[in-house]
Amino acid sequence: MAQDQVITRFAPSPTGHLHIGGARTALFCWAFARKHDGRFLLRIEDTDQARSSEDAAKGILEDLAWLGITWDDGPDFTSDGGTGVTPVRVGGDPRNIGPFYQSQRHDIYNPYFEQLLDAGVAFPAFDTPEQLTAMRKAAESEKRSFIYRRAADFDHAAALERAKTEPHVLRLHMPDTAITVHDQVLGEVTFPHAELDDFVIRKTDGYPTYHFAVVVDDARMGVTHVLRGQEHLNNTPKHIAIQNALGLPTPAYAHMPLIFNPDGTKMSKRDKDKAAKIAVKEAGITTVAELIDRLPQSNRAHQEPILRTFNDTDLAAWLKDKQRQLGRDQVSAVAQALDLTLPEIDVEDFRAAGYLPETLCNFLALLGWNPGIKNADGTDLERFDHAFLASNFDTDRIGKTQSKFDRDKLLAFSADTIQHTLDDATFATLWLEWAERFDEALASWAHNDTTRWQVAVAAARPRAKTLRDARTALAFAFIETDSITYDEKPVNKFLLKGEPTGLDTLADLRTAIASIDPWTPDAIDSFLQAYTQEHSIGMGKIAQPLRIALTGTGVSPGLGHTLTLVGKETTLARIDRCLNTLRQ
RNA sequence: GGUCCCGUCGUCUAGUCAGGUCUAGGACACCAGGUUUUCAUCCUGGUAACGCGGGUUCGAAUCCCGCCGGGAUCACCA
């Protein structure tokens, strides 16, 4: 029966990229709908014209699609999937319940206002903002909270007459009873009438307030279950009051616990600005020129103009004022100048950081929910995919306690997925999708040098924690030989000490290596193997000197892979340079 | 401050609704050891929690009360 079908919704305001907390809300709404063979709808709440933007709305659609959270009713959307490899088409309005942008629904609300006005449940109010502020202040000085109430001798007819000519808002007159929310997570929560005021349902400009719009929209769209963050719990009695006044059904509510930073603060977009500010202060930087100076050469052309969008005065003002924030691009440019990794807050941040959507959703699902299932070996089942969620998720196992976002655990999930679950081919596809969006140099390998790309995949995957991490581990293959600097510690340990010294070994190796053919990982590895036996020395004796010569550090993938990625000619050149530089 | 929500290892949690099988299990992190050409893996072991105080009961992580602590919210923003 159609009426019994579960319908959930996610209704973000488009004020920026999708926040990680919003992603979890969306995921739970989606999973609940899938579990119950219902529908999941997406509505964009863009009535706040000042803060909303078309771009942000698009970004949110893109973020959701990337996460694999697809909506049945909502804005039409085709994701290019970064590369167009996996275009996803979602949305549409098969039930004829749109539009899904709230700003386009303005006229829908009028009959509902009329209904309430006629019933005398809604009433015009003429208080100015100044008057309201004064009333609040008065209440505060008397140490009681301010509750707006319609006057006892209120004359409805007179007010309607006055409303014809004077600017006014519409308020809902709250019935004199407590309101109980039957929450699927928290149980029964009762709000006393003394706390419920006659709140605004239509603003002076004629637009409905958020409370009114959600209730009407949810009802008209057939929403049966509202899953949202616990910050909305206090709004719920208002929504129920509107439903009661309008004679609309009350959906089932489930308020889920909030997600916080490890330090207990709220996860917010401000965290990135805060981190950048602290880093600039600690570096003792006071001028924009200093920042530009520290920009890595590789990205200078792109980032410098962004940094030039503010001057030293702006910088000083920003550093001094905790409230003051830089733009998204500016913060990111500052971070690059300081080689600082910004905390990931939005879905887009995690995408850029090289997390897989499946992994991110898995981790997110565990924040406030748990399947409560054991594996055969007695450990808790906590690794699962979308399909598992879609068939196992329900509100009865949503927890009540707020949780902190533990990046270490997310990173462990990510590493486990990449290293133990994916095969090279799947990893290669995902890595390329990522590179197309975030790393041109890497993407060009995939397109221009298939052999080398495959070696890169084989070298990077077994040791990568994220897609970005995989790229970082191969950084040595992207640099110029002349720009290599040698780490002091490994140089001392592996090149300068011992008898013969590492440098001597390296010099001998240089000649031998020149004869390797073909230049492939397997051939190189077996050659080096044979070399160690011939000279009866441990692999460590040649591996570390070679690593330092090729990468400047003592860390790299296996030698076969490392040498192949660098290339034969460059390998020899780097050994020469290392010998020349360190043998003085 | 009012109202509301929450309180199990450092973190996410299982166990709580239907009190005993809990000398509280798992995962991440951390520590120690082992394997390994570095890194990363992998293997073995270890540290570590029922916020506090009362009550009910033969028996409380689980039920009740108080306290303490954390959080949300108090707009013509959503």
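Residues numbered from 1 in each chain as written. Chains lettered and ligands numbered in written order. Predicted model: local features only at pLDDT ≥ 70, side-chain atom pairs only at ≥ 80, totals over all residues. Heavy atoms only, no water.

Engineer: Can you help me understand the overall build of chain A in this one?
Structural biologist: Helices and strands together make up the secondary structure of chain A, namely 26 helices and 13 strands. Seen along its three principal axes, the alpha-carbon backbone of chain A occupies a region of about 105 × 60 × 40 Å. Looking at the 584 residues of chain A, the share that counts as buried comes to 49%. Residue pairs in contact within chain A that sit at least 24 positions apart in sequence constitute 74% of those at least 6 positions apart. Per element, the accessible surface of chain A, about 28000 Å² overall, is 49% carbon and sulfur. (Helix = DSSP H or I, 4+ residues; strand = E, 2+ residues; numbered from the N terminus. Buried < 20%, exposed > 50% of the residue type's maximum accessible area, 1.4 Å probe, protein only. Contact = heavy atoms within 4.5 Å. Areas by Shrake-Rupley, 256 points an atom, 1.4 Å probe, with all protein chains shown as cover.)

Engineer: Help me understand the sheet that holds strand β6 (residues 169–172), please; the structure alone is not making it clear to me.
Structural biologist: Strand pairing in a sheet takes place through backbone hydrogen bonds and is either antiparallel or parallel in direction. The antiparallel open sheet is built from three strands, whose spatial order is β5-β6-β9. Looking at strand neighbours, the two that pair on one side only are β5 (122–125) and β9 (200–202), the edges of this open sheet. Strand after strand, the sheet turns through a mean of 45° between neighbouring axes, direction not considered. Pairing geometry for β6 and β9, over two bridges, is antiparallel. Among the inter-strand pairings, Arg171 is bridged to a residue of β9, identified as Val200. (Pairing = 2+ DSSP bridges. Axes fitted to C-alpha atoms, helices over the stretch in contact; angles between N-to-C directions.)

Engineer: In this structure, what is going on with the protein's contact with RNA strand B? I would like to understand it.
Structural biologist: Residues in close proximity to RNA strand B total 62 residues, the closest being Ser13, Lys203, Thr204, Asp380 and Glu382. Considering the 4 Å shell around the protein, atoms of RNA strand B inside it are sugar or phosphate in 72% of instances. For RNA strand B, a base nitrogen lies 2.4 Å from a polar atom in the side chain of Thr204. Here a sugar or linking oxygen of RNA strand B and a side-chain polar atom of Glu382 are 2.3 Å apart. If you list the elements that add at least two residues to the surface near RNA strand B, you get α4 (129–141), β6, β8 (187–191), α6 (210–220), β13 (403–404), α16 (407–421) and α24 (539–551). Of the residues in the surface near RNA strand B, the class split is 19 nonpolar, 22 polar and 21 charged. (Near = heavy atom within 4 Å. Polar contact = N/O pair within 3.5 Å; in protein donor to acceptor, adjacent residues only side chain to side chain. Nonpolar A, V, L, I, M, F, W, Y, C, P; charged D, E, K, R; others polar.)

Engineer: Just checking my understanding: could you explain the side chain of Gln544 for this structure?
Structural biologist: Mapped onto the fold, Gln544 is located in helix α24. Looking at Gln544, its side chain comes within polar contact range of the main-chain oxygen of Gly554, at 3.1 Å. Apart from residues no more than four positions distant in its own chain, Gln544 is found in contact with Phe494 and Gly554.

Engineer: Please clarify how the pattern of salt bridges should be interpreted in this entry.
Structural biologist: Pairs can form between side chains of opposite charge whenever their charged atoms are close. In total, this model carries 32 salt bridges according to the counting rule given. Across the pair Asp349 and Lys272 runs a salt bridge, and its minimum N-O distance is 2.8 Å. Linking Asp349 in helix α13 (residues 347–352) with Lys272 in helix α8 (residues 270–283), this pair joins segments that are 77 residues apart in sequence. In this pair, the class of Asp349 matches that of Lys272, namely buried. Close ionic contact of Asp424 with Arg461 constitutes a salt bridge, the shortest N to O distance being 2.5 Å. Taken together, the residues Asp424 in helix α17 (residues 424–438) and Arg461 in the loop between α19 (450–460) and α20 (467–473) connect sequence positions 37 residues apart. Residue classification places Asp424 among the partly exposed residues on the basis of a relative accessible area of 31%. By relative accessible area, which is 13% here, Arg461 ends up buried. Bridged by salt links that share partners, the residues Arg9, Arg43, Glu45, Arg105, Asp217 and Asp218 form one connected network. (Salt bridge = Lys/Arg side-chain N within 4 Å of Asp/Glu carboxyl O.)

Engineer: Whenever I open this one, the packing of aromatic side chains confuses me. Can you help?
Structural biologist: Pairs of aromatic rings are described using the distance from one ring centre to the other and the angle between the two planes. Tallied over the entire structure, the rule returns 15 aromatic pairs. Judged by centre distance (6.0 Å) and plane angle (40°), the ring pair of Trp434 and Phe438 falls under tilted. Placement of the pair is Trp434 and Phe438 together in helix α17, with a separation of four residues, close to one helical turn. Note on Trp434: relative accessible area 7%, which makes it buried. The exposure class of Phe438 is partly exposed, given its relative accessible area of 29%. (Phe/Tyr/Trp six-rings, centres within 6.5 Å; stacked < 30°, edge-to-face > 60°.)

Engineer: In this structure, what is going on with the packing of helix α14 (residues 357–365) against α16? I would like to understand it.
Structural biologist: Contact geometry of α14 with α16 gives a least axis separation of 10 Å together with a crossing angle of 140°. If you check the angle between α14 and α16, you find them oblique. Relative to α16, α14 is oriented so that their crossing is right-handed. Taking contact as the criterion, the partners of Thr359, Leu360, Asn362 and Phe363 in α14 are, on α16, Lys409, Leu410, Phe413, Ser414 and Thr417. Grouping the amino acids of the contact of α14 with α16 by side-chain chemistry returns four nonpolar, four polar and one charged. (Parallel < 35°, antiparallel > 145°, perpendicular 65-115°, else oblique. Left-handed = near helix turned anticlockwise from the far one by under 90°.)

Engineer: Looking at this structure, I do not really get the confidence of the model for chain A. What am I missing?
Structural biologist: Residues shown with low pLDDT carry predicted positions that ought not to be read at fine detail. Mean pLDDT over chain A works out to 92, with 98% of the residues at or above the 70 mark. This complex was scored by the predictor with a pTM of 0.93 and an ipTM of 0.94. (pLDDT = per-residue confidence, 0-100.)

Engineer: So what exactly am I meant to see when it comes to the environment of Thr429 here?
Structural biologist: Looking at the secondary structure, you find Thr429 in helix α17. Using a relative accessible area of 38% as the deciding quantity, one classes Thr429 as partly exposed. A C-alpha to C-alpha distance of 36 Å links Thr429 and Arg510, two positions 81 residues apart in sequence.

Engineer: Hey, could you run me through unusual backbone geometry in this one?
Structural biologist: Across residues other than glycine, the phi torsion is negative in most instances, and most of the peptide bonds are trans. Omega for the peptide link from Gly98 to Pro99 comes to -5°, which places this bond in the cis form. With respect to the helices, strands and loops of the structure, Pro99 is situated in the loop between β4 (88–92) and α3 (110–118). Residue Asp517 is joined to Pro518 through a cis peptide bond whose omega torsion reads 0°. Counting through the fold element by element, Pro518 comes out in the loop between α22 (502–513) and α23 (521–534). Unusually for a residue other than glycine, Asn96 sits at a positive phi of about 55°. Along the chain, the position of Asn96 falls in the loop between β4 and α3. Even without being a glycine, Ser536 presents a positive backbone phi close to 40°. Structurally, Ser536 is set in the loop between α23 and α24.

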